[in-house]
Amino acid sequence: MPKASPMSTDKMKGLICRECGKEYPAVSLHVCDMCFGPLEVQYNYKQIKARLTRKAIEAGPKSLWRYVDLLPIAGEPTVGLNAGFTPLVRAKNLGDELGLDTLYIKNDTVNHPTLSFKDRVVSVALTRAREMGYDTVACASTGNLANSVAAHAAAAKMQCYVFIPHDLEASKVLGNLVYRPNVVEVEGNYDDVNRLCSEIAGEHKWAFVNVNIRPYYAEGSKTLAYEVVEQLGWIAPDHIVVPVASGSLLTKIWKGLNEFHKLGLIDRMATKVDGAQAEGCSPIATAYKLGRDFFKPVKPATIAKSLAIGNPADGYYALKATTESGGAMDTVTDEEIIEGMTLLAQTEGIFAETAGGVTIGVLKKLVKQGLIKRTEATVALITGNGLKTQEAVMNAVGRPTRISPSLVHFQKTFGLGNHER
Amino acid sequence: MSGKGSMVKVRIPTPLRPLTGGKSEVAAPASDIQSLIDSLNGQFPGLKDRVCDDKGEIRRFVNIYLNEEDIRFLKGKHTPLKDGDEVSIVPAIAGGTFPGRGPRLGTRGTPCSVNARGRSGGCEGRR
């Protein structure tokens, strides 16, 4: 049942239906009871604008909480105080390889503490859950979200249930178990898990971060856009390439950029937001290519398991954001995903998970097609760490060279000649 | 089109059941989806407002399936109906329990890999 916020706040007005505009107080509710549209947090932008400046943000903590004025919590942050503010890496080598003069990697493979962008959304969701009085948190997850919810719940001493598909990568399963939450492996794919969680959320008074408190949770993704802009020196790039699963991240990147523009923190905003999906699960990119504003749910079959959402909750809005921004969407095969992962690792020294391979693969295609031009400043969002999806590249990276502990053997093996006296 | 049309079976989601007197399945005469919605609204006043916007278009986050196929991939609200057809109205985003199409997930096994800290005897989510 929805709970009232313990304190009112001036920055958050409440929730509003994205479809019919019906307004609600800031409770735990995610679907409009009139038209079934998704609910979104509504802010008092006038009041925020009056006090929010670049300087004020720059003086904030080195975490996503420097943007607390644009995040949906009523009080002070209490969970995930070190998440966010990850490096924006100037990727000269990869840019040279792909034919881009100005390429950056937003490197959330080193997000704190669970090495994916989910640490952002979970910090916001759990802080909000706590202030709404919940003691149990839960989620439906393709892996990274579960890892982050489990870790933050442990640190916040909250009870925790994470629901995952039965066929996840070993590291993502282990990355739950170590924190000792209740790990529930569901015999089915993510869409089955999500469906089950909706039913459970109707029965138990838990904060399901991506079900009943989704409107708050999803806002955390905006911080990726904020950080990119701030780290570029308060400039919005020409392109941001975003991996797409539920479509929420892409939608919130677009929202974050527009908020910064509306608040006067950037003068110009002409960013094109491009979406990247795996061919084996591309309901949104397929709709984009067909020029539709609706999509057909699919049964995922891809190594990019973190993107394997066949019935994406924010698919419509992701399509809309990409189209509005003038961006594009494309897909890559499993082989191209592995190529993308190894290319990023071997040019920039960044080991991304499969979703990163999707992003780099699609970036490469968009440059080839001329949809991203050489001179356009481009940022690729790399949202998860390759150590969590080792299975994908295990057979593509070769083996170590084994030698006996002998200098001669070493030099012979590598053709270095014998310099012994 | 005949005036009465065919008799079709319609599955009603939980949030709309207050309008159907709690019934999860109803029958209505209709020749196509649009006339079905009108016909349902005759029996259960107010239902059309929930399913359609003020221009009469089916709302974006309401999915309507004819025999398991999303009508967006058929002829939308002009999709013709015949005797014995089954129509499901399903909110696109689950807001709690609702009748779905396809297998009910909650009836399958959900093994708990870990039931840590000894706080509960099993998976509370299983019903």
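Analysis parameters
Along each chain, residue indices are assigned from 1 in the same order as the chain's sequence is written. To label them, take the chains in the order written and letter them from A, then take the ligands in the order written and number them from 1. Local features in a predicted model are, by the rule used here, given only for residues with pLDDT of at least 70; side-chain atom pairs are given and counted only at 80 or more, and totals for whole chains, interfaces and linings are based on all residues. The angle between two axes is taken between their N-to-C directions and runs from 0 to 180 degrees, where each axis is a line fitted to C-alpha atoms and a helix contributes only its stretch in contact. Numbering of helices and strands starts at the N terminus; helices are DSSP runs of H or I of at least 4 residues and strands are runs of E of at least 2. Angles are sorted into four bins: roughly parallel if under 35 degrees, roughly antiparallel if over 145, roughly perpendicular if 65 to 115, and oblique for all others. Placing C-beta atoms from the backbone, we regard two residues as in contact once those atoms come within 7 Å. Gly falls in the polar group here, along with every residue not listed as nonpolar (Ala, Val, Leu, Ile, Met, Phe, Trp, Tyr, Cys, Pro) or charged (Asp, Glu, Lys, Arg). Helix crossings fall into two classes, left-handed where the near helix is turned counterclockwise from the far one by less than a right angle and right-handed where it is turned clockwise. A score between 0 and 100, pLDDT records how confident the predictor is in each residue. Here a strand pair is declared whenever DSSP counts at least two bridges between the two strands. A residue is called partly exposed when the number of other C-beta atoms within 10 Å of its own lies between 12 and 20, exposed at 12 or fewer, and buried at 20 or more, with C-beta atoms placed from the backbone. Here the term right-handed applies to a crossover when the path leading from its first strand over the helix to its second strand runs clockwise, the strands being oriented away from the viewer. Put simply, a nonpolar core is a cluster of buried Ala, Val, Leu, Ile, Met, Phe, Trp, Tyr and Cys residues tied together by C-beta atoms within 7 Å.

A.B. asks: Can you help me understand the packing of helix α13 (residues 334-348) of chain A against helix α14 (residues 354-368) of chain A in this one?
C.D. replies: The relative placement of two packed helices comes down to the angle between their axes together with the axis-to-axis distance. Residues and elements named next belong to chain A. Put simply, α13 and α14 touch, their axes get as near as 7 Å, and they point 90 degrees apart. When the interaxial angle is binned, α13 and α14 end up roughly perpendicular. Contact with α13, carried on its side by E336, I337, I338, E339, G340, M341, L343 and L344, involves T354, G356, G357, V358, I360 and G361 of α14 and no other residues of that element. Residues belonging to the contact of α13 with α14 are distributed by class as follows: seven nonpolar, five polar and two charged.

A.B. asks: Hey, could you run me through the packing of helix α11 (residues 283-290) of chain A against helix α12 (residues 315-325) of chain A in this one?
C.D. replies: Residues and elements named next belong to chain A. Where α11 meets α12, the closest approach of the two axes is 10 Å, and the angle between their N-to-C directions is 45 degrees. Here α11 is positioned oblique relative to α12, judged by the angle of their axes. Handedness of the α11/α12 crossing: right-handed. Contacts between α11 and α12 pair P283, I284, A287 and Y288 from the former with G315, A318, L319 and T322 from the latter.

A.B. asks: Looking at this model, I keep getting lost on the confidence of the model for chain B. Mind explaining?
C.D. replies: For residues with low pLDDT, the predicted coordinates do not support detailed interpretation. All names here are of chain B. Across chain B, the average pLDDT comes to 76, with 70% of residues at 70 or higher. The element-level mean pLDDT for chain B is lowest in strand β4 (residues 69-70), coming to 90, with helix α1 (residues 33-43) highest at 97. Of the two predicted TM-score estimates for the complex, the pTM is 0.89 and the ipTM is 0.78.

A.B. asks: Hey, could you run me through the sheet that holds strand β7 (residues 159-165) of chain A in this one?
C.D. replies: Each strand in a sheet pairs with its neighbour through backbone hydrogen bonds, running either in the same direction (parallel) or in the opposite one (antiparallel). Residues and elements named next belong to chain A. Taken together, four strands build an open sheet; the order of strands is β8-β7-β6-β9 and the sheet is parallel. Only two strands of the sheet have a single partner each, and these edge strands are β8 (182-186) and β9 (207-208). Summarising the sheet, strand β6 (residues 136-140) and β7 pair through five bridges and their orientation is parallel. Looking at β7, one finds that C139 is bridged to V162. Relative to β7, helix α7 (residues 190-203) is tilted by about 145 degrees, and along the sheet it contacts β6, β7, β8 and β9.

A.B. asks: Honestly, the environment of A:V211 in this entry has me stumped. Any pointers?
C.D. replies: All names here are of chain A. One can find V211 in the loop between β9 and α8 (214-219). Sequence separation between V211 and T223 is 12 residues; the distance between their C-alpha atoms is 20 Å. When residues no more than four places from it in sequence are discounted, the contact partners of V211 are H30, A140, C197, S198 and A201.

A.B. asks: Sorry if this is basic, but what is going on with the sheet that holds strand β3 (residues 62-66) of chain B here?
C.D. replies: Residue and element names in this part refer to chain B. What the five strands build is an open sheet, ordered β2-β1-β5-β3-β4; its pairing is mixed. Each having just a single partner strand, β2 (25-30) and β4 make up the two edges of the open sheet. When strand β1 (residues 6-11) meets strand β5 (residues 86-91), the two strands line up parallel, connected through three bridges. The partner of K9 across the bridge, within β5, is E86. Its contacts with the sheet put α1 on β1, β2, β3 and β5, and the angle it makes with β2 is roughly 120 degrees.

A.B. asks: For this particular structure, what's the right way to read the pairing of β7(A)?
C.D. replies: Every regular strand shows the same layout, with side chains that alternate between the two sheet faces. Residues and elements named next belong to chain A. Across the seven residues that make up β7, a large majority, six, are buried. Read as a crossover between parallel neighbours, the route from β6 over helix α5 (residues 144-156) to β7 is right-handed. Summarising the sheet, β7 and β8 pair through five bridges and their orientation is parallel. Residue P165 lies in a different strand from β8, and its bridge partner there is V186. A crossover connection joins β7 to the parallel β8 through helix α6 (residues 170-177); in handedness this β-α-β unit is right-handed.

A.B. asks: Explain the environment of A:S148 to me, please; I cannot follow it from the model alone.
C.D. replies: Residue and element names in this part refer to chain A. Residue placement: S148 occurs in helix α5. With 27 residues separating them in the primary sequence, S148 and G175 have C-alpha atoms 8.8 Å apart. Each residue touching S148, except ones within four places of it in the same chain, is listed here: T114, S116, K118, D119 and V122.

A.B. asks: How should the nonpolar core be read in this particular structure?
C.D. replies: One recurring pattern in soluble globular proteins: nonpolar side chains tend to sit buried together. Counting residues in hydrophobic clusters, the biggest one holds 123 residues, and the most contacted among them are A:V137, A:V149, A:V162 and A:F163. Per-element accounting of this core gives the leading share, seven residues, to α14(A). Each residue touching A:V162, except ones within four places of it in the same chain, is listed here: A:A138, A:C139, A:S141, A:A146, A:V149, A:A150, A:N176, A:P181, A:V183 and A:V184. Judged by nonpolar contacts, the second largest core, of 31 residues, contains B:V10, B:I12, B:L16 and B:L47.

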